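# Structural description and commentary
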Amino acid sequence: MGKILKSKSSWPGTVVRKWLNLRGNAYEFHSDYPLKGKMEPSQPRRKSCSDGDYYKIVPENFPGCLGQENEDLKQQSGLIEQHVTRADDKVDLKMFVGTWNVGGKSPHDGLELKDWLKTSTDAVDIYVLGFQEIVPLNAGNVLGAEDNGPATKWLSLIREALNNNNDLSKSHRNSFELTKSSQPSRRSISNFPDDDPVACNSTLDRGYSLAASKQMVGIFLCVWVRDDLQKRITNLKVSSVGRGIMGYLGNKGSISISMSLHETSLCFVCAHLTSGEKEGDEVRRNLDVTEILKRTRFSRSSKDSHQPETIMDHDKVIWLGDLNYRLRASSDVHDHLKNHDWEALLEKDQLKIEQRAGRIFQGWEEGNIYFAPTYKYYINSDNYVAQTEKSKEKCRTPAWCDRILWKGDGMKQIWYTRGESRFSDHRPVQSLFSVHIDLTKNQSNRKTKPINQNHRPNPVLPYTCHGKVQAEEILLLTRAQSCIDTQPRLVSSAS
């Protein structure tokens, strides 16, 4: 067993880089796809994240990694140029969206995800899965090196659940080959007419591969796409916005993934907004949303200036996560909870109140909520903390913190519900959508603006900053020096 010298000075350096929001890896993400561009094996990371399981994408000049390679494929095959316009130039695809705050717990090997992912139902084309608090939000994780170990475990469990093939998951960890399911096809491609030149070969095995995944402290977003749609995915990009300590560290904030499927641009935003149920905390959450919309930027060059640059530039957007909106204080909350009167409780829901008042998410949609509040439970229990906790400080009024919203034409929500896993103090939430995808170019529908050569995406410093630091932020800051002081000079490496 060797010894690696790890100087204590590296900790202050890491803290300073995070504190100043120096976003050297802001555009990096992981993918199963053999994308064109600079591909590097990941450097060793804390807790030995096995980045060798998949590609680490570092775009050259950030032009949109998948774009050029797939444009070449399109030109070679003549799929776009030779496409015959029909009266129906759209297809409907199924998209599963799930969000889960896992309370800082790393998944164990036996954690069952099939019930959450509904893999026993009709096959889904795209899975969009967002997590919050995949690591504890302590000073070491917020201010120190990123712990990628739990993210690797989640990816492995998801891959196994979606592909239903343990041997496939194991073999994938030893190669860079594109994942293909060895199971028989679970769906027909009836969405594509038989004579459609953009339809994929029906003889292909159809498993699911990781299109993109990205982590920022405890926030983690991954998108999985059916293998036979791989060549139709272009312009994969990511953008992260920190909204935590002082308004820009990553303990709160968002990760956004942008991509195009055929000629439709899609954006998925996974957010963890400001916590707290004191009066006025909803205003801070509103500010988080405003800043995320303002500061999220997807890199563009002059060659792909028609591609979306902001969240709202996309044809279709899904916003998921622990949005942390609570219930307005009221003496009858617990009576409504006991009687399962969700309709009465939702009248006190901060998100709906703020949205109706036009202060946030104007024009966005959310499905009807027919399920119980998703927070806060005792772990491994069906009891809310508020039902038994006597301490007012520790008590949390049950609330629908975990939500899924969308914006854009051609999206129909099929169902919206919650899971019943007792793994954390939150219940997971999931939804299934039917999404219209354009098969042909339609420039008249493009929302994007010409690129501004003087524009600097993802500025180093935020536009605004919280004037008041929360108690939890002060606690993290006071512990930061302790983390630096207690970090051992010599760290044992795995042999």
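What comes next is a walk through the structure.

Criteria and cut-off values
- Residues numbered from 1 in each chain as written.
- Predicted model: local features only at pLDDT ≥ 70, side-chain atom pairs only at ≥ 80, totals over all residues.
- Heavy atoms only, no water.
- Helix = DSSP H or I, 4+ residues; strand = E, 2+ residues; numbered from the N terminus.
- Buried < 20%, exposed > 50% of the residue type's maximum accessible area, 1.4 Å probe, protein only.
- Contact = heavy atoms within 4.5 Å.
- Disulfide = S-S within 2.5 Å.
- Patch = residues over 30% accessible without salt bridge, like charges linked within 9 Å, V, L, I, M, F, W, Y side chains within 5 Å.
- Areas by Shrake-Rupley, 256 points an atom, 1.4 Å probe, with all protein chains shown as cover.
- Salt bridge = Lys/Arg side-chain N within 4 Å of Asp/Glu carboxyl O.
- Lys, Arg positive; Asp, Glu negative; His and termini not counted.
- Charge placed at Lys NZ, Arg CZ, Asp CG, Glu CD.
- Polar contact = N/O pair within 3.5 Å; in protein donor to acceptor, adjacent residues only side chain to side chain.
- Phe/Tyr/Trp six-rings, centres within 6.5 Å; stacked < 30°, edge-to-face > 60°.
- Lys NZ or Arg CZ within 6 Å of the ring centre and 35° of its normal.
- Core = buried A, V, L, I, M, F, W, Y, C linked by side-chain atoms within 4.5 Å.
- Expected span 1.5 Å × (residues − 1).

## Some words on the overall build of the protein
Within the protein, the secondary structure is distributed over 11 helices and 16 strands. Of all 495 residues assigned to the protein, the portion counted as buried reaches 56%. Long-range contacts, defined here as pairs at least 24 residues apart, represent 74% of the contacts in the protein between residues at least 6 apart.

## What about the state of the cysteines?
One pass over the full model with this rule turns up 0 disulfides. Unpaired in this structure, Cys222 has its nearest cysteine sulfur neighbour in Cys270, at a distance of 9.1 Å. Residue classification places Cys222 among the buried positions, given a relative accessible area of 0%.

## With respect to a negative patch on the surface
A cluster of like negative charges, contributed by Asp109, Glu112, Asp115 and Glu160, occupies part of the molecular surface. Note that Asp115 resides in helix 3 (residues 114-117).

## Topic: the side chain of Asp147
If you trace the backbone, Asp147 turns up in the loop between helix 4 (139-143) and helix 5 (149-163). Given the relative accessible area of 6%, Asp147 is considered buried. Side-chain polar atoms of Asp147 contact the backbone nitrogen of Gly149, separated by 3.0 Å.

## So, the packing of aromatic side chains
If you walk through the whole model with that rule in mind, you get 17 aromatic pairs. Summarising the aromatic geometry, the rings of Trp100 and Phe423 are spaced 5.9 Å apart at their centres and angled 65° between planes, so their arrangement reads as edge-to-face. Of this pair, Trp100 sits in strand 5 (residues 90-101) while Phe423 sits in the loop between strand 14 (411-418) and strand 15 (429-438); the two residues are 323 residues apart in sequence, bridging distant segments of the chain. With respect to burial, Trp100 and Phe423 carry one shared label: buried. Centroid distance Tyr377 to Tyr384: 4.3 Å. Interplanar angle 25°. Geometry classified as stacked. Taking the relative accessible area as the measure of exposure, Tyr384 reaches 6% and is therefore buried. Ring-pair connections join several aromatic residues into one group, and the members of that group are Trp100, Trp116, Phe131, Trp154, Phe220 and Phe423. Arg285 extends its terminal NZ or CZ atom over the ring of Tyr325, reaching a point 5.6 Å from the ring centre. Lying over the aromatic face of Tyr377, Arg427 brings its terminal NZ or CZ to 3.8 Å of the ring centre.

## Describing the environment of Asn164
Checked against the element boundaries, Asn164 lands in the loop between helix 5 and helix 6 (166-172). Residue Asn164 is classed as partly exposed on the basis of its relative accessible area of 41%. Between the alpha carbons of Asn164 and Lys114 there is a distance of 9.2 Å; along the sequence they are 50 residues apart.

## Here we look at the nonpolar core
Core analysis: the biggest nonpolar cluster contains 85 residues, and Met95, Leu113, Leu129, Phe131 and Ile318 have the highest contact counts within it. Not counting residues up to four positions away in its chain, the partners in contact with Phe131 are Trp100, Val102, Trp116, Trp154, Ile158, Gly218, Ile219, Phe220 and Cys270. Membership of the second largest hydrophobic core comes to 18 residues, among which are Ile311, Tyr325, Ile360 and Phe361.

## A word on helix 5
With 15 residues, helix 5 ought to run about 21 Å at 1.5 Å a step, and its terminal C-alpha atoms sit 21 Å apart, in line with that. Burial within helix 5 is extensive, with 12 of its 15 residues counted as buried. Of the positions making up helix 5, those classed as buried are Gly149, Pro150, Ala151, Thr152, Trp154, Leu155, Leu157, Ile158, Arg159, Ala161, Leu162 and Asn163. Looking one or two residues past helix 5, Asn164 carries a phi angle of roughly 50°, positive in sign.

Interpretation note: all reported values are geometric properties and have no functional meaning in isolation.
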